[in-house]
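Next come the chains, spelled out residue by residue.
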Amino acid sequence: MSKHIATAPANLQLTPAPKLALLVSRFNPDVTGGLRNGALEWLKERGIDESVDIYEAPGAFELPIMAQHLARKGIYEGVICLGCVIKGDTAHFEFISLGVTIGIMQAQLETNVPVSFGILTTYTEDQAVTRSRSDEHNKGREAAAACVETVAFLRK
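Residues numbered from 1 in each chain as written. Predicted model: local features only at pLDDT ≥ 70, side-chain atom pairs only at ≥ 80, totals over all residues. Heavy atoms only, no water.

Peer 1: Would you explain the pattern of salt bridges in this entry?
Peer 2: As a working rule, side chains carrying opposite charge can pair if their charged atoms are close by. For the structure shown, the criterion picks out 9 salt bridges. Notably, a salt bridge pairs Asp53 with Lys19, separated by 3.2 Å at the nearest N-O pair. In this pair, Asp53 is assigned in strand E2 (residues 52–57) and Lys19 in the segment before strand E1 (20–25), connecting sequence segments 34 residues apart. As a salt-bridge pair, Glu110 and Arg72 come within 3.6 Å of each other at their nearest N and O atoms. Of this pair, Glu110 sits in helix H3 (residues 92–111) while Arg72 sits in helix H2 (residues 63–72), and the two are 38 residues apart along the sequence. The class for Arg72 is exposed, based on a relative accessible area of 55%. Linked through salt bridges whose partners overlap, the residues forming this network are Glu41, Glu45, Arg46 and Arg141. (Salt bridge = Lys/Arg side-chain N within 4 Å of Asp/Glu carboxyl O. Helix = DSSP H or I, 4+ residues; strand = E, 2+ residues; numbered from the N terminus. Buried < 20%, exposed > 50% of the residue type's maximum accessible area, 1.4 Å probe, protein only.)

Given below as structure tokens:
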């Protein structure tokens, strides 16, 4: 008979707190700043904010290699990637979005360190702003939660 094994309860508290890297794209700074604030808020609510190092990336495309580098250092139990790609008039959006998605997945699989995907890929600036607001739907919060929940699972 199978059984359900919860990987991370809603009130997740890890002891010791995991050492995390928060990697934030400088492109679309109003949006990525909101994502950063959301991630830090979620981490602070769980007592993890003191063990987070924050790094800036030039843009979303650079996040995968920077995340992989940080994951390989052996210092961090997880890396949270935050960025924003908003569709314009060219195919640039599709190439960047796909590259970042595949790159982040490869980074975590090659290092066995959770690298969470907090990259907004939206069609409009309004959609990006909505997802980076200071509320419970902030995607930075979700990326932080995903990273920490995965760390908790890997600690078992």
